[in-house]
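Structural description and commentary
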Amino acid sequence: MLLIEQIYEPNNIRSDYVKCPACKRGRLCDKPVGEKAMAIAIQGDTAKTRNSRIILKCPRCSQKFVISFTKE
């Protein structure tokens, strides 16, 4: 299960973003500073992964990426 929570502005969570690995210019998503997140381009089928997943689309180059959540 994936839990999505709204962040209210008064919380002032410092964040940075994950760049698109294809075009290196698009902003795929934001993440809190200090959290580990990496975007890599992989050839092949990702359907074998059974984790919680979300599809993102780069606003610059329109490439699609899958976010997989792991326990590591």
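Quantities reported herein were computed from a predicted structural model and do not represent experimental measurements.

This brings us to the nonpolar core. In summary, soluble globular proteins display a tendency toward joint burial of nonpolar side chains. Core analysis: the biggest nonpolar cluster contains 6 residues, these being Cys20, Cys23, Leu28, Leu56, Cys58 and Phe65. Not counting residues up to four positions away in its chain, the partners in contact with Cys58 are Cys20, Cys23, Gly26, Leu28 and Gln63.

Applying the stated rule across the entire model yields 2 salt bridges. Taking the shortest distance from any N to any O, the salt bridge between Asp16 and Lys31 comes out at 3.0 Å. Here Asp16 is found in strand β1 (residues 15-19), whereas its partner Lys31 is found in strand β2 (residues 27-32), with 15 residues between them in sequence. Accessibility expressed as a relative area gives 31% for Asp16, which makes it partly exposed. The partner of Arg27 in a salt bridge is Asp30, and the shortest N-O contact between them spans 2.8 Å.

Thresholds, definitions, all that
The residue numbers shown here count from 1 along each chain, following its written sequence. Local features in a predicted model are, by the rule used here, given only for residues with pLDDT of at least 70; side-chain atom pairs are given and counted only at 80 or more, and totals for whole chains, interfaces and linings are based on all residues. Each side-chain value is derived from all of the structure's non-hydrogen atoms; neither hydrogens nor water enter the calculation. By convention a nonpolar core is built from buried Ala, Val, Leu, Ile, Met, Phe, Trp, Tyr and Cys residues, the set being connected through side-chain atoms within 4.5 Å. Remark: exposure states derive from per-residue accessible area (1.4 Å probe, protein chains only) relative to the maximum for the residue type, with buried under 20%, exposed over 50%, and partly exposed in between. Residue contacts are defined here by distance: any two heavy atoms, one from each residue, within 4.5 Å place the two residues in contact. In the sections that follow, a salt bridge refers to a side-chain nitrogen of Lys or Arg positioned within 4 Å of a carboxyl oxygen of Asp or Glu. In DSSP terms, a helix is any run of H or I states spanning at least four residues, a strand is any run of E spanning at least two, and both are numbered starting from the N terminus.

Nothing here speaks to function; it is all geometry.
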